[in-house]
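A look at the structure
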Amino acid sequence: MITLKNISIRQGGFELSGVNFTVAAGEYGVLMGRSGCGKTTILEAICGLRAIKSGSIRLGDEEVSGLPPAERGVGYVPQDRALFPTMIVREQLAFALVLRKQPQTQIAARVNELAKLLGITHLLDRAPDKLSGGEAQRVALGRALAHRPAVLCLDEPLSGLDEELHEEMCCLLEHIHRETGVTILHITHSPSEARRLAGCHFQMENGKVVRDEA
Amino acid sequence: MSEPAKSKYRVASDKPFLIGLGVLAGSYLLIIGAMVLADLVFLNYGDQLILGNERVQQGRYVESAVPIRVEAGRTYHFRLGKNEVGLKHEGQMLAGEGLFKANTYEVQLQPRIPKAPITASLRPEARVIGIALTNHVATLTTDEPHGLLWGQFIRVHGAGAGWDGVHEITDTTTNQLSLALPEATKVAITVELTKPNPLVQALRSRDIQFSIMLSLISCTITTLLSIWVAVPIGYIMSRFDFRGKPLIDTLLDIPIVLPPLVVGLSLLILFRYAPDWLSDSVVYKWPAVILAQFMVACAFAVRTMRVSFDQIPQRYEQVALTLGCNRQQAFWRVIMPQAKGGLLAAATLSWARALGEFGPILVFAGATRQKTEVLPTSAFLELQAGRTEGMLAVSLIMIGAAVIVFLIARTLGMKRIFA
């Protein structure tokens, strides 16, 4: 569950205030809004990458507004994917688990499991600069899911993909959602993409987030 | 009937652009190459004969030719001046520079312009006429003044085991020079002497050996210190915003903007205020060399590191943070591996800067032989002593050292993480 209560964020001349919304546990939330309206800022606030001025953010039952990003239990896929250029795919998937000092065998098992889920088993030993856009997106998803976060934050995950991949990726996201039961917050600026995805829709307008019941 | 104008679109040829690029880039490269080549060509790599006093007397040409007495059977070194056509020897005209063996008792300088000053040079080879050996010190007497100094090196040939090879001159008078020989060496019957080439002279000299060592060690320490300081400063300046950042930015640039000499002077003045034990152990001692190199080299390393951190998007750190890193882990696991190239560039730059540093070292550490003498100081001291060849030899050693270090750095840098 993601709950934002009375969030206000100030960033240079840009300001958001009184943002409220809730994505229920296990729901697929789609946050829609024009470019530059502050969607990414909200996502970053949830991940703990941007300080909030006031308000509270709850993930599950925990108040996380004071916690560092590492302790929030979120998976974050930025718009540019930001795959670590110095690591092969296998290392990217294992990254969060190595940090948690899990035993080698467990890490290997989890990496294989993720690779199978995302269909990237054949790419495990590739460098990120040798991946196509769709493949990179899958790896970024896998990296964010590795430590079994309760919440997955996706920033425009389908941008920059061609028509065919677009559909494939939608199916994959739905598949992941079903398999893992993770709560997803998916940001997009495209209404058609939002319509294509099931789940609950939120509309961001004039700095406020409204649940789109239609 | 008028033909319709051809409407086919054409672009101008790329040739002028490419030629322009080539000319501009090439001209600079040419100057660099020519500079190094000039140093390499200028040095005489062969051994030189020991030459005695000048036989050409100063003055002006009065009549058509100036006769000079020579000794038949002796080798002479002739150098043409700008007012001569050549040297007449047995009906042949010698022009330019070189050795010849006299067969007559007189040679004649042929002037180019009458009444002009005499500018040529003719010097006889100095022969060894006396050999003495006492307590493993050989004292050689020459028939001409040899012009060599204590501490220089000389090559002995044709004298047999124990004698042949390059020796340091331990003592000199106008016509005598002494060398230490290994024990159990017998007196030689004949000895020939030559001056080894300047590179050998430089490499055998204890002063220059010391300065090579001090240069290599101090540059390496400077580089390590610079990296150690430049990485955190570069990271802070690239990632954090705080009050007074522009001021700090300006402060960091001061060593780049200031003339290096002034950096040395400022350090010297600063250490007037340091406690005695500190200034006594730094100023005019080897730590001053490192500090002087560090002040300048580090500024360049900081610039380089900052640019390379600036080029790594903050997104990587953010993702690493959400995956479970704290800032330190994100820095070591995600940022530093990407900054490797920048780190290498900063290290080579500060090493090169430190190797070439001269002004601040001269002011802050002095130029004491065997104490604070680094390679640029050696070059300066050689030049001051009027030994252009020695200076060039030191320059070549520096070029060689730099080339070797850069080659090592490049090969290490080429090892990509993904083959």
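1. Some details on the sheet that holds strand β8 (residues 121-124) of chain B
Residue and element names in this part refer to chain B.
- Ordered by their spatial adjacency, three strands build an open sheet running β6-β3-β8, and the pairing between neighbours is antiparallel. Either end of the sheet is taken by a strand with one partner, and the two such strands are β6 (97-101) and β8. Sheet twist, expressed as the average angle between the axes of neighbouring strands with direction ignored, equals 20°.
- As paired elements, strand β3 (residues 75-79) and β6 share five bridges and run antiparallel to each other. Bridge pairing in β6 places Thr75 opposite Lys101.

2. Focus: the interface of chain A and chain B
- Each partner contributes residues to the interface: chain A has 20 residues there, and chain B has 17 residues.
- Elements that contribute at least two residues to the side of chain A that touches chain B include exactly β6 (74-77) and α2 (89-99) of chain A.
- With three residues, the top contributor of residues to the side of chain A that touches chain B is α2 of chain A.
- A breakdown of the residues in the side of chain A that touches chain B according to their chemical character gives 15 nonpolar, two polar and three charged.

3. Quick word on helix α5 (residues 163-180) of chain A
Residue and element names in this part refer to chain A.
- For α5, spanning 18 residues, the distance from its first C-alpha to its last is 26 Å, which sits close to the expected 26 Å at 1.5 Å a residue.
- Along α5, the residues that are buried comprise Leu173, Ile176 and His177. Taken end-on, α5 shows its buried residues confined to a sector of 95°, consistent with a single buried face. What points out from α5, more than 90 degrees from its buried face, is the exposed set Glu164, Cys171, Arg178 and Glu179.
- Of the surrounding elements, those touching the buried residues of α5 are β3 (28-32), α3 (104-118), α4 (133-145) and β8 (183-188).
- Within two residues after α5, Gly181 carries a phi angle of roughly 70°, on the positive side.

4. A look at the domain arrangement of chain B
- What the domain assignment reports for chain B is domain 1 (52-124), domain 2 (128-196) and domain 3 (206-414).
- Each of domain 1 of chain B and domain 2 of chain B has a C-alpha centre, and these two points are 30 Å apart.

5. Re the pairing of β8 of chain A
Residues and elements named next belong to chain A.
- The buried count for β8 comes to six of six residues, which makes it a mostly enclosed element.
- Burial along β8 is two-sided: Thr183, Leu185 and Ile187 and Ile184, His186 and Thr188, pointing in opposite directions, are all buried.
- Bridge count for β3 against β8 is five bridges, and the pairing is parallel. Directly across from Val30, in β8, lies its bridge partner His186.
- Pairing of strand β7 (residues 151-155) with β8 involves five bridges; the strand directions are parallel. Looking at the pairing, Val151 lines up with Thr183 of β8.
- In this fold, the crossover linking β7 to β8 by way of α5 has right-handed handedness.

What counts, and where the lines are drawn
Residues numbered from 1 in each chain as written. Chains lettered and ligands numbered in written order. Predicted model: local features only at pLDDT ≥ 70, side-chain atom pairs only at ≥ 80, totals over all residues. Pairing = 2+ DSSP bridges. Helix = DSSP H or I, 4+ residues; strand = E, 2+ residues; numbered from the N terminus. Axes fitted to C-alpha atoms, helices over the stretch in contact; angles between N-to-C directions. Contact = placed C-beta atoms within 7 Å. Nonpolar A, V, L, I, M, F, W, Y, C, P; charged D, E, K, R; others polar. Expected span 1.5 Å × (residues − 1). Buried ≥ 20, exposed ≤ 12 C-beta atoms within 10 Å, placed from the backbone. Arc of directions from axis to C-beta. Domains from an automatic or database assignment. Right-handed = clockwise from strand over helix to strand, strands pointing away.

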